[in-house]
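# Structural characterization, general
Okay, here's what each chain looks like letter by letter:
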Amino acid sequence: MQRRQFVRMLSVAGAGALTGLMPMGRSAWAATTPSAASASQKKMVVIFLRGAVDGLSVVAPYAEPDYARYRPTIGLPAPGKTDGLLDLDGHFGLHPALAPLMPLWTSGKLAFVHASGSPDPTRSHFDAQDYMESGTPGQKRTSDGWMNRLLGELPGRPSATRGLSVGAVLPRIYAGPVPVASMAEGQGATRPTILDQPHVADAFARLYDGSDATSRTYRESLAARREVLASLDPSAMEKEQMAANNGAPLPNGFPDDAARLARLMRNDPNVQLAFVALGGWDTHAGQGTARGQLANRLNPLGQGLAILADRLGPVFDDTVVVVMSEFGRTARENGNRGTDHGHGNAMWVLGGPVAGGKVHGRWPGIDESSLNENRDLAITTDFRDVVADVAERHLAFPAAQLAQLFPDRPVHGDTPRILRT
Amino acid sequence: MHPETPPSRVSRVAAQARSSVAAACALSAAIAFSLAAAQSIASDQQANGSRVGDDALVAHVLNRVAFGPRPGDVERVRRIGVDAYIDEQLQPERISVSPAYRQRIDVLDVQRLPAGTLIDGYRTAQRDAREAQRAQALQAGAAAGDKPVDDGLSEQKSDVLATRRQQYRVLTQQAYEARLIQAIDSPRQLQEVMTDFWYNHFNVFVGKDLDRALVSNYERDAIRPYALGHFRDLLGATAKHPAMLFYLDNWLSTGADSDVNRNAKQKAGLNENYARELMELHTLGVENEGKTGGAVANYTQKDVTELARMLTGWTFDGRATGRGGPLEGVESAALFTFAPRRHDNGTKVWLGHRITPNGEQEGEFALDVLAMHPATARHLSYELAQSFVADEPPPTLVDRLTARYLATDGDIREVMRTLLYSAEFRDRKAMTAKFKTPYQYVVSATRASGVDVLNVQPLVGTLAQLGMPLYGCLTPDGYKNTEAAWLNPEGMTRRINFATALATGRLAIDRPAPPPAAPVAMAAAGAMPVKAVAAPVAQPPQRMSPLQAVPLLETLGPTIGDKTRGVVLGTEPQLAAALVLGSPDFMRR
């Protein structure tokens, strides 16, 4: 393992040395072979909701009487009632705070995989996030994250910004030998760093002009930084869109970052994978209904996803966005008008290639005999099956390497087909 | 590589690997010395072992035995010689520390107070926060009547959570401070280097509930005192410390046919977590590093389960869960408990040994066997050689360390003595062969600066940004110390940003942190005396004096090569010190 990672990392550093100090923008991308180029236009964005979002409020099975019975104070009213759910298919309804996503549902670019998640039974945030990010449920020793393994074996040529993380700390899901670029949250994304000053960069360039791994890596970092900055320059293609907003700033938080991420992905064709984590979903008390704590979190998320879809423009046709969370919450509300740690959840899948307008997955029901341990939604779809499907059929990840992407993944016959073919 | 990989790809990658390795070696020689000088030093070494005044070796030893030089260190080691310095560092108990330094550490609750008192404080804070949260939820619910709960609640709730976070922060902030101040300032440098090494070997994650309160105590009671002692003592101390029992879940592990399960409706289960990591990570190893000597540990899943059964009942005082009364004043060693009612009293067969039921002693026997197993000797020797010599350590050295370990009953000090006197360690090839981990980079830069650190927060933040948050490794295998793990583009940029901020005075580490925004409620909880926090006063501008390149170069001496010196001295003075700390020379050790 150690040796393999070392070698793989060097291969990336080696690619950096080939391009040297040349900016690795469109010209580098255009230089790749046509087949690799079409594969490397495909993108995936992963949004991780840390703290376990209540999937039974996001996509609520309102048609089942147990739903209202389990949740006398926090159950969402049926579609058509005041502050009611937005009907999806006569059985499930979408949380009203997610109204900005309804156009995507209607146009067939949004789907859900219900009763999905990680098969490990843990209800610890710590363990469950760890397992979902390492991609090896039940296995604590895995040192790298599945997005890094994915990055390492994508077809086409590596680039400094191929894998992107929003936020200051490299998340567990990206841990591993392949370099990952990062974009700071909020205004920090374009905040100048010392190396943006030419005289400083020149001085360090004299120290790092060798052919050793340290020097090459340093030069690669500068190239990535330049690429991110160039793509985020609002003077480029975004001017007209800003005019359309009458110059109004976007609400802070996720919608803002989503807009910035869209701009970056649109301007920098090298970006293929992106990761964002959002917190605040652990609604043990006072969860609320159409308004309240959960709604206040869902609202900017829905807005942000709608903005991402819109601003990506044509790139959205080549993008699959996956929203996931470490586990779901209890089917019944607790004594504090909240919900506790549960098991199954809903994954959200958005994008041009998505077989949308549908709630996928085998629905186990929420009657008492169907609940996991008589308390939570059961899991009928392993989250890894969904990701593996996107990796293989959308990103052209080599099928032979899927066993490295998700070691020890049980083989199922009935994986939902969430992508159009 | 995977078997599926096409052969053409394998050879391309392998070729790149070879050329990169060659380039890295060429670099270290080119930076420091002309080829002729290097050869003459190498031959001196062979003739003399260590010659006083051998500057490359002085730099090497300070970079490996210590976290790099502080002002005056290079001069001192030149004077007394590297062997004398190594002998001194191998006996930390004989190195005196100043009263001011002792005071600096002792003032921290996490270092001064017993584990039981820390647990009490943590549980009280947790309970208070939970009750406040519940009360507010009910109040908000009553106020809202049938209407949906309004936004006010989430604000109130976030106040409560903020207070709770603040309380936890006192503990973790102190843990960070205790660790960093010792790494930076302790004259017992090898002990601190070994503490970092063993902490990663026996890693515990600070973010897992009770371990927030305990990581610093774990380091104080189970790691640092044994860092150069007998491995069996270190192993036993980590096995029994509540931080490890909690982190790897052994405190819950219960035999299937134990007394507590006999009449229980809900059966408590066997937990294999600790048993597995005990063999895979802490002792025998899996991949069998080095592969020579035939000491491959062949154990099976059955051995893991059998060991877990032997360790059932190894737990801690139940009061640590927050029920059953206070633990004030109880030291960590007294928190360890053997719970006979949880123990599996059946016969086990483990690593070929037939284990007749013997309660707590079954676990002690397991630790005895594991500590002196030849595979453990090899696994530890490989790890030490990797950390102190090269990412791929010379097999001859691993063999000798293994033999030394077995001959000295697992005496870490003697293994380290063999290592530090070995030709492999003192070989030119080993010098600057290691790429610093973010921790080693940040600590060595701070040491070189000579700043008296009063606020570690900027350093803690830098470590998190560099992907190596202190006590923040989730997985039990701890942080790696190899170049493959840490050399990446983002990391390089961030290291240079840190070097520049430190050198230009933008990281105000030389003055106390501003007082916390929220009152510290730990004192109110009673169990946790907390330092009085000064009333907020008008803050002076948070800037420290910039570092100067010339004294910095003097401090680092032979650590910085001629090429870098040339560039530094030809650069504008405001930037020169940043170039020293951000140079490729300083990235390596």
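As the structure is a computational prediction, the values presented were derived from the model and not from experiment. (Residues numbered from 1 in each chain as written. Chains lettered and ligands numbered in written order. Predicted model: local features only at pLDDT ≥ 70, side-chain atom pairs only at ≥ 80, totals over all residues.)

## Side note on the overall build of chain B
Each helix and strand in chain B was counted, giving 30 helices and 4 strands. For chain B, with 589 residues in total, the buried portion stands at 50%. (Helix = DSSP H or I, 4+ residues; strand = E, 2+ residues; numbered from the N terminus. Buried ≥ 20, exposed ≤ 12 C-beta atoms within 10 Å, placed from the backbone.)

## Some words on the overall build of chain A
On a plain count of helices and strands, chain A comes out with 15 helices and 12 strands. In chain A, which comprises 421 residues, the proportion classed as buried is 56%. Contacts spanning at least 24 positions in sequence make up 75% of the contacts within chain A whose residues lie at least 6 apart. (Contact = placed C-beta atoms within 7 Å.)

## Quick word on the sheet that holds strand 3 (residues 86-87) of chain A
Residue and element names in this part refer to chain A. Reading across the sheet, the 3 strands line up as 2-4-3 and stay open at both edges, with antiparallel pairing between neighbours. This sheet does not close on itself; its edge strands, each paired only once, are strand 2 (59-60) and strand 3. With 2 bridges connecting them, strand 2 and strand 4 (residues 93-94) associate as antiparallel partners. In the sheet register, Val-59 faces strand 4, and the bridge partner there is Leu-94. (Pairing = 2+ DSSP bridges.)

## Quick word on the nonpolar core
Among the nonpolar cores identified, the biggest contains 262 residues, and Ala-274, Val-322, Met-347 and Val-349 of chain A together with Val-580 and Leu-581 of chain B are the most heavily contacted of them. Ranked by residues supplied to this core, first place goes to helix 13 (residues 293-312) of chain A with 10 residues. Residues within four places of Leu-581 of chain B in sequence aside, it is in contact with Ala-445, Ala-448, Ala-499, Leu-502, Ala-503 and Phe-586 of chain B. (Core = buried A, V, L, I, M, F, W, Y, C linked by C-beta atoms within 7 Å.)

## Quick notes on the confidence of the model for chain A
Residue and element names in this part refer to chain A. Within chain A, residue pLDDT values average 84, and 84% of them lie at 70 or more. The model gives residues 1-37 a pLDDT under 50, and that stretch makes 60 contacts with residues more than four places away or in other chains. In this model, residues 237-251 is a region of pLDDT below 50 whose contacts with residues beyond four sequence positions or in other chains number 9 contacts. (pLDDT = per-residue confidence, 0-100.)

## Things to note about the confidence of the model for chain B
All names here are of chain B. Predicted confidence across chain B gives a mean pLDDT of 83, with 79% of residues reaching 70 or more. In this model, residues 517-537 is a region of pLDDT below 50 whose contacts with residues beyond four sequence positions or in other chains number 38 contacts. Taken over the whole predicted complex, pTM reads 0.73, whereas the ipTM for its chain interfaces reads 0.78.

## Points about helix 27 (residues 549-556) of chain B
All names here are of chain B. Within the span of helix 27, buried status applies to Ala-549, Leu-552, Thr-555 and Leu-556. For helix 27, the buried positions fall inside an angular range of 120 degrees around the axis, keeping them on one side. In this structure, the buried residues of helix 27 make contact with helix 4 (73-80), helix 23 (438-449), helix 28 (562-569) and helix 29 (573-581). Following helix 27 by one or two positions, Gly-557 adopts a phi angle in the positive range, close to 50 degrees. (Arc of directions from axis to C-beta.)

## Quick word on the pairing of strand 1 (residues 43-49) of chain A
Residues and elements named next belong to chain A. In terms of burial, strand 1 is largely enclosed, as 7 of its 7 residues are buried. Across 7 bridges, the pairing between strand 1 and strand 9 (residues 319-325) is parallel. Within strand 9, the position partnered with Val-46 by the bridge is Val-322. Sheet topology note: the strand 1/strand 8 (residues 273-278) ladder contains 6 bridges and is parallel. By the bridge assignment, Val-45 is partnered in strand 8 with Ala-274.

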